[in-house]
Amino acid sequence: MAVVQVIPVMIPMLGEEEAQAAADAVRSGWVAQGPRVAQFEKEFAATVGAGHGVAVSSCTTALHLALVLHGVQPGDEVIVPSLSFIATANAVRYVGATPVFADVDLATGNLTVETIDAVRTPRTTAIIAVHQGGVPFDTVGLRKAAEGWGLALVEDAACAAGSTAYGTPAGTGAAVAAWSFHPRKVLTTGEGGMVTVDDAEAAVRLRRLREHGMNVSAADRHKSSQPVLEAYLETAYNYRMTDIQAAVGLVQLGRLAGLVAQRRELAARYHELLAGIDGVVPVRDPAYGTTNYQSFWVLLTPDYRTSRDELLAELAKRGVSARRGIMAAHLEPAYADVTPAPLPVTERITRDSLILPLHHKITEADQNHIVGVLRDLA
Ligand SMILES: *Cc1c(COP(=O)(O)O)cnc(C)c1O
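Every residue gets a number counted from 1 within its own chain, in the order that chain's sequence is written. Totals for whole chains, interfaces and linings use every residue, but because this is a predicted model, local features are given only for residues with pLDDT of at least 70 and side-chain atom pairs only at 80 or more, for both listing and counting. Side-chain descriptors were evaluated using all non-hydrogen atoms of the structure, hydrogens and water having been removed beforehand.

### Describing empty space enclosed by the protein
Operational definition: We place a 1 Å grid over just the protein atoms. Points where a 1.4 Å probe fits but has no way out form a cavity, open points with protein on both sides within 12 Å along at least 5 of 7 lines form a pocket, and any residue with an atom within 4 Å of a point lines it. Grid points are joined across faces, edges and corners, and a volume is the space filled by probe spheres set on the points. Residues are grouped as follows: Ala, Val, Leu, Ile, Met, Phe, Trp, Tyr, Cys and Pro are nonpolar; Asp, Glu, Lys and Arg are charged; all remaining types, including Gly, are polar.
In the structure shown here, the tally under the stated rule is two cavities of 30 Å³ or more. One number sums up the size of the largest cavity: a volume of about 70 Å³. Lining the largest cavity we find Met-10, Ile-11, Pro-12, Met-13, Lys-185, Val-186, Leu-259, Gln-262, Arg-263, His-359 and His-360. A class-by-class count of the residues in the lining of the largest cavity yields six nonpolar, three polar and two charged. If you go around the second largest cavity, you meet 13 residues; those closest to its centre are Ala-158, Ala-161, Ser-180, Lys-185 and Val-186. Per-class residue counts for the lining of the second largest cavity are nine nonpolar, three polar and one charged.

Below is the structure:
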C-alpha cells in the first residue's frame, strides 16, 4: 500500500536556536521562574504594545487570573462567546461565576456590541471577548461599549500574537489580555501563557496571584544578599512559567513578524485558489485590522454540494489533516446544564466550517492539492 504523506493542520516552528536556548537555561542551573521569564515578559509586552506582561503556565490560567483581578465572583454573570475553545467559558466557572453565551458575527466569528447587549443583565459584571483564530474583534467598539456599561472587558488573545486592530497590535490599549503559547498557536513555549495589563498595580497583583500570594518573588528572594522574610497576602495559585519555557519564548518572539508575514502570504494564495469555488467563504481581514491567520477557516454555504463532515473525511482520505471549525462550548456535555439564548450564527459556523492546514512547511503544491479536494467536492 502506498504511504500517504499527511499534511498536518499545524506544525510549530522550532529550530536549533530554541533547542540551544533551552539547553542554556538548563546549564545555567536556574530552571524555575527567573531572569529569562522577566526578560520574556518585558519583550512580549513591548511586542504586543502593552505596559506590563506577567508570564503564567497557560492562557487558561491567564484568563482565570484576569477574572480574579477584576473581582468576578459567584453570582456574577460573565458574557463569553460559545464559539471559542472551551477554556474561555471554563475560566468563568473557576471563579464560581456563570458564563452567559452570546452569539457572534458571521464574518469574523467574534462578539459584537449588539450580540453582547442582547444577553446583558443587571448581574453581568464582565465580558471575555476573543480574537477568534487570530481575527481581531472590534477593539475600539467593544472597549468603548464595555466602559459605557461599567463592565470589565477581559480580552482572550490566545491566538492573536501578531494580529492588529486599528493600526496597532491587537493587545494595545487592552485593560487586560490573556495570551497562549501552546504549540497550536503561532508562537510557542511548549505550554505557557501571559497576562498583559497597562496598569502597574494590576501587574503587581497578578505577579502575586501567580505565585502563592507572596509579596516577594522567589527569584528576588534568592537574589538578595539579606535574608528576606516573605509574607503571603492572599490565597493564590502556582501558575508560574519556567525559565526553560521563557528561553524558548524569547527566541520565538524574534521569529514572530516573519512567521506572521509568511502565514499571510499563504492565506493570500489560498484566497486566490479558492476564489473560483462556489459555496466556500474563507476567513479574511476585518475592515479595522489584520489577522495573523492563526486558524485559516472556510465556511461552507448551502451552495456547496458536500457536507462539512463528508469533506473532512475526503480530505483525510487524501492525506490532508484539516479540522472541524471552532467549537461551540454550549454544545458540549460540560455545558449541558446551560440553556443559552438562541445562537444561530455560532451553530452555523461550528457546523459548516473547517480549518485548513497553514504553517511554515506548507508548499504551493500542498495548497494546490488541498484546494483541489475542495474543488472536486464542490
Ligand atoms: C488555545 C486557546 C485557549 C487556551 O490556551 P492554553 O494556553 O492552551 O490554555 C484559550 N482561548 C482560546 C480562544 C484559545 O484558542
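### So, the UniProt feature "active site" (unreviewed entry) in the protein
Note the threshold: UniProt positions are given in the numbering used here, feature names are shortened, and annotations may be inferred rather than shown by experiment. Helix and strand definitions follow DSSP, with helices as H or I runs of at least four residues and strands as E runs of at least two, each counted in order from the N terminus. Categorising residues by exposure relies on relative accessible area from a 1.4 Å probe, with only protein chains included: less than 20% of the type maximum marks a residue as buried, more than 50% marks it as exposed, and the intermediate range marks it as partly exposed.
Mapped onto this structure's residue numbering, the UniProt feature "active site" (unreviewed entry) falls at Lys-185. Along the chain, Lys-185 falls in the loop between strand 8 (176-180) and strand 9 (193-197). Residue Lys-185 is classed as buried on the basis of its relative accessible area, which comes to 16%.

### Considering the pairing of strand 4 (residues 124-130)
Where we set the bar: Here, a strand pair is defined by DSSP locating no fewer than two bridges between the strands. The crossover handedness rule: strands pointing away from the viewer, path from first strand over the helix to second strand clockwise, crossover right-handed.
With six of seven residues buried, strand 4 is to be regarded as a mostly interior element. By the bridge criterion, three bridges tie strand 2 (residues 77-81) to strand 4 in an arrangement that is parallel. Bridged to Ile-79 within strand 4 is Ile-127. For strand 4 and strand 5 (residues 152-156), the ladder comprises five bridges, and the chain directions are parallel. From the neighbouring strand, Val-130 faces strand 5, where its bridge partner is Asp-156. A crossover connection joins strand 4 to the parallel strand 5 through helix 6 (residues 139-149); in handedness this β-α-β unit is right-handed.

### Quick word on the site of the ligand
Operational definition: We call a residue near a molecule or strand when any one of its heavy atoms sits within 4 Å of it. Nitrogen and oxygen atoms within 3.5 Å of one another constitute a polar contact, given that in protein one can donate a hydrogen and the other can accept it, and given that sequence-neighbouring residues count only through two side-chain atoms. Computed by Shrake-Rupley with a 1.4 Å probe, the accessible areas treat only the displayed protein chains as cover when residues are assessed.
Of all residues adjacent to the ligand, which total 15 residues, the nearest are Cys-59, Thr-60, Asp-156, Ser-180 and Lys-185. Between the ligand and Asp-156, the relevant distance is 2.8 Å, taken from a nitrogen atom to a side-chain nitrogen or oxygen of the residue. For the ligand, whose accessible area on its own is 380 Å², the fraction buried by protein is 91%. Mapped by element, the contributors of at least two residues to the shell around the ligand are helix 3 (59-69) and helix 4 (87-94).

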